[in-house]
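Observations on the model geometry
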Amino acid sequence: MQVLFIDTVHSILEERLTEKGFNCIDGTSWSREKCIAEIPKMDGVVIRSRFPMNEDFLKHGTQLKFIARSGAGMENIDLDYTEKQNIQCFNAPEGNRNAVGEHALGMLLSLFNNLKKGDNEVRQGIWDREGNRGIELDGKTVGIIGYGNNGGAFAKKLAGFDVKVLAYDKYKENYGNQYAQAATMESIFMEADVISFHIPQNEETMFLADEEFFDAFEKPIYVINLARGKIVRTSALLKGLNSSKILGACLDVLEYESASFEKTISGDENPEFNALLKSDKVLFSPHVGGWSVESYFKLSDVLADKIFQFFKL
């Protein structure tokens, strides 16, 4: 079988596929048009997010049997079309869940303890102990929206702290465990001090976190988003920050990211985004929450396991 690698992933995937007799073809430098020209010959494709796997592209893959995405989210794949065409789709949330959990905890602790601000000030010769007094995670209630691989990993990382973890997942039953208590959104609205999103982007979740959502919380909250940028409406987040309804935000993803996650618009192009960039209540990272040295390997290794299981190899 021939497999086209459209995006760069860890070499372990190609190595393992090759050992099982797959012919792996490097298309990472090919244009979309070149990929379309070659995909009729392919049995599988390996992707990240370089361009969408929509019907316009996939209709050319007349013998396509699978799509393997190195990552968790599947929003760049037309899953309705692939189901109709019996194209199996694989993702690898098991490969980067630990990285996401650690990154979320790291961002939250950094925000709580003013680590970025303190570091910048010390480098400028400013020794402001009182202005960098932190707050403790101990005693807080953390609400996790989406209790799959990534939400569960974050809850596990919180286990070493004296916090109450409430998890809400619309699509699961009996999902509470030793790390989190299954909860309703109403109880999270009432109790949470911190809210963290771990849900996919789709029609139902797009801009879920709008003004009405944030206004529903009984207490001022901290917001963490390592899921997808368009789950949180930036204007609503900014309004909450300005009113102190939202005390701070940890953002690994942004509403204004490109579909490939490789860039955002500039602050000069968007006043709301510019205001967010200037806020000292916000901590950013460039969509790397699940992109650790270790997860880069694990994502590809997990995909190999799933492909072999599917083909009973």
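Residues numbered from 1 in each chain as written. Predicted model: local features only at pLDDT ≥ 70, side-chain atom pairs only at ≥ 80, totals over all residues. Heavy atoms only, no water.

On to the state of the cysteines, then. Counted according to the given criterion, the structure contains zero disulfides. Here Cys-24 is not disulfide-linked; the sulfur of Cys-35 is the nearest cysteine sulfur, at 15 Å. Of all cysteine sulfurs, the one in Cys-35 lies closest to Cys-89, which takes part in no disulfide; the gap is 17 Å. (Disulfide = S-S within 2.5 Å.)

This part is about the pattern of salt bridges. A full pass over the atoms with the stated rule returns 17 salt bridges. Among the ionic pairs, Asp-56 bridges to Arg-32, the shortest N-O distance being 3.1 Å. In this pair, Asp-56 is assigned in helix H3 (residues 55–58) and Arg-32 in helix H2 (residues 32–38), connecting sequence segments 24 residues apart. The residue Lys-41 makes a salt bridge to Glu-38 at a minimum N-O spacing of 2.8 Å. In this structure Lys-41 comes out as partly exposed when scored by relative accessible area, which is 45%. (Salt bridge = Lys/Arg side-chain N within 4 Å of Asp/Glu carboxyl O. Helix = DSSP H or I, 4+ residues; strand = E, 2+ residues; numbered from the N terminus. Buried < 20%, exposed > 50% of the residue type's maximum accessible area, 1.4 Å probe, protein only.)

Aromatic rings considered in pairs are described by the distance between their centres and by the relative angle of their planes. A complete count under the given rule lists 16 aromatic pairs for this structure. An angle of 35° between the planes, with centres 6.5 Å apart, marks the rings of Phe-22 and Phe-308 as tilted. Residue Phe-22 is located in the loop between helix H1 (11–19) and strand E2 (23–26), and its partner Phe-308 is located in helix H12 (residues 293–310); the two are separated by 286 residues in the primary sequence. Pair check on accessibility: Phe-22 and Phe-308 agree, each one buried. Ring plane angle 65° and centroid distance 6.1 Å describe the contact between Phe-22 and Phe-311, whose orientation is recorded as edge-to-face. Here Phe-311 lies in the segment after H12 and Phe-22 lies in the loop between H1 and E2, a separation of 289 residues in the sequence. Residue Phe-311 is classed as partly exposed on the basis of its relative accessible area, which comes to 21%. Here the aromatic cluster, defined as three or more aromatic residues joined through ring pairs, consists of Phe-22, Phe-66, Phe-90, Phe-308, Phe-310 and Phe-311. Cation over ring: Lys-34 sits above Trp-30, and NZ or CZ is 5.0 Å from the ring centre. (Phe/Tyr/Trp six-rings, centres within 6.5 Å; stacked < 30°, edge-to-face > 60°. Lys NZ or Arg CZ within 6 Å of the ring centre and 35° of its normal.)

Before going further, it helps to examine unusual backbone geometry. At Asn-114, a position not held by glycine, the phi torsion is positive, near 55°. Tracing the backbone shows Asn-114 in the loop between helix H5 (93–112) and helix H6 (115–123). Since its relative accessible area comes to 22%, Asn-114 is described here as partly exposed. Positioned with a positive phi, Lys-312 is a non-glycine residue whose angle comes to about 55°. Owing to a relative accessible area of 74%, Lys-312 belongs among the exposed residues under this scheme.

Alternating residues of strand E9 (residues 194–197) divide into Val-194 and Ser-196 and Ile-195 and Phe-197, and every residue in both groups is buried. Bridge count between strand E6 (residues 141–145) and E9: four bridges; the pairing is parallel. Bridging across to E9, Val-142 finds its partner in Val-194. In this sheet, strand E10 (residues 221–225) lies alongside E9 in parallel orientation, the contact comprising four bridges. (Pairing = 2+ DSSP bridges.)

Before going further, it helps to spend a moment on the environment of Leu-226. Turning to its location among the elements, Leu-226 is positioned in the loop between E10 and helix H10 (234–243). Remark: the alpha-carbon pair of Leu-226 and Val-122, spanning 104 residues in sequence, is separated by 29 Å. Not counting residues within four places of it along the chain, the set of residues in contact with Leu-226 comprises Val-100, His-103, Ala-104, Met-107, Phe-197, Asp-252, Val-253 and Gly-289. (Contact = heavy atoms within 4.5 Å.)

Right, let's get into H10. Where H10 is concerned, the buried positions are Thr-234, Ala-236, Leu-237, Leu-238, Gly-240 and Leu-241. In this fold, the buried residues of H10 make contact with helix H9 (211–215), E10, strand E11 (246–251), helix H11 (271–278) and strand E12 (282–284). Phi for Ser-244, located one or two positions after H10, is positive at around 65°.

To continue, consider the nonpolar core. Judged by nonpolar contacts, the single largest core of 31 residues is most densely connected at Ile-188, Phe-197, Phe-214, Val-223 and Leu-237. Secondary structure elements with two or more residues in this core: helix H8 (185–191), E9, H9, E10, H10, E11 and H11. Looking at which element gives the most residues to this core, the answer is H10, with four residues. With residues up to four places along the chain from it excluded, the contact list for Phe-197 reads Ile-145, Leu-208, Ala-209, Phe-213, Val-223, Ile-224, Asn-225, Leu-226, Ala-227, Ile-231 and Val-232. Counting residues in each nonpolar core, the second largest holds 25 residues, with Val-100, Met-107, Ala-167 and Cys-250 among its members. (Core = buried A, V, L, I, M, F, W, Y, C linked by side-chain atoms within 4.5 Å.)

Note on sheets: strands pair through backbone hydrogen bonds, and any given pair is parallel or antiparallel. Strand order across the open sheet formed by five strands is E2-E1-E3-E4-E5, with parallel pairing between neighbours. Each edge of the sheet is formed by a strand with only one pairing partner; in this case those strands are E2 and strand E5 (88–90). On average, each strand axis in the sheet is tilted by 20° relative to the strand beside it, whichever way the strands run. Across three bridges, the pairing between strand E4 (residues 66–69) and E5 is parallel. Within E5, the residue paired with Phe-66 across the bridge is Gln-88. Along the sheet, H1 makes contact with strand E1 (2–5), E2 and strand E3 (44–47), crossing E1 at roughly 170°. Running at roughly 155° to E5, H12 makes contact with E4 and E5 of the sheet. (Axes fitted to C-alpha atoms, helices over the stretch in contact; angles between N-to-C directions.)

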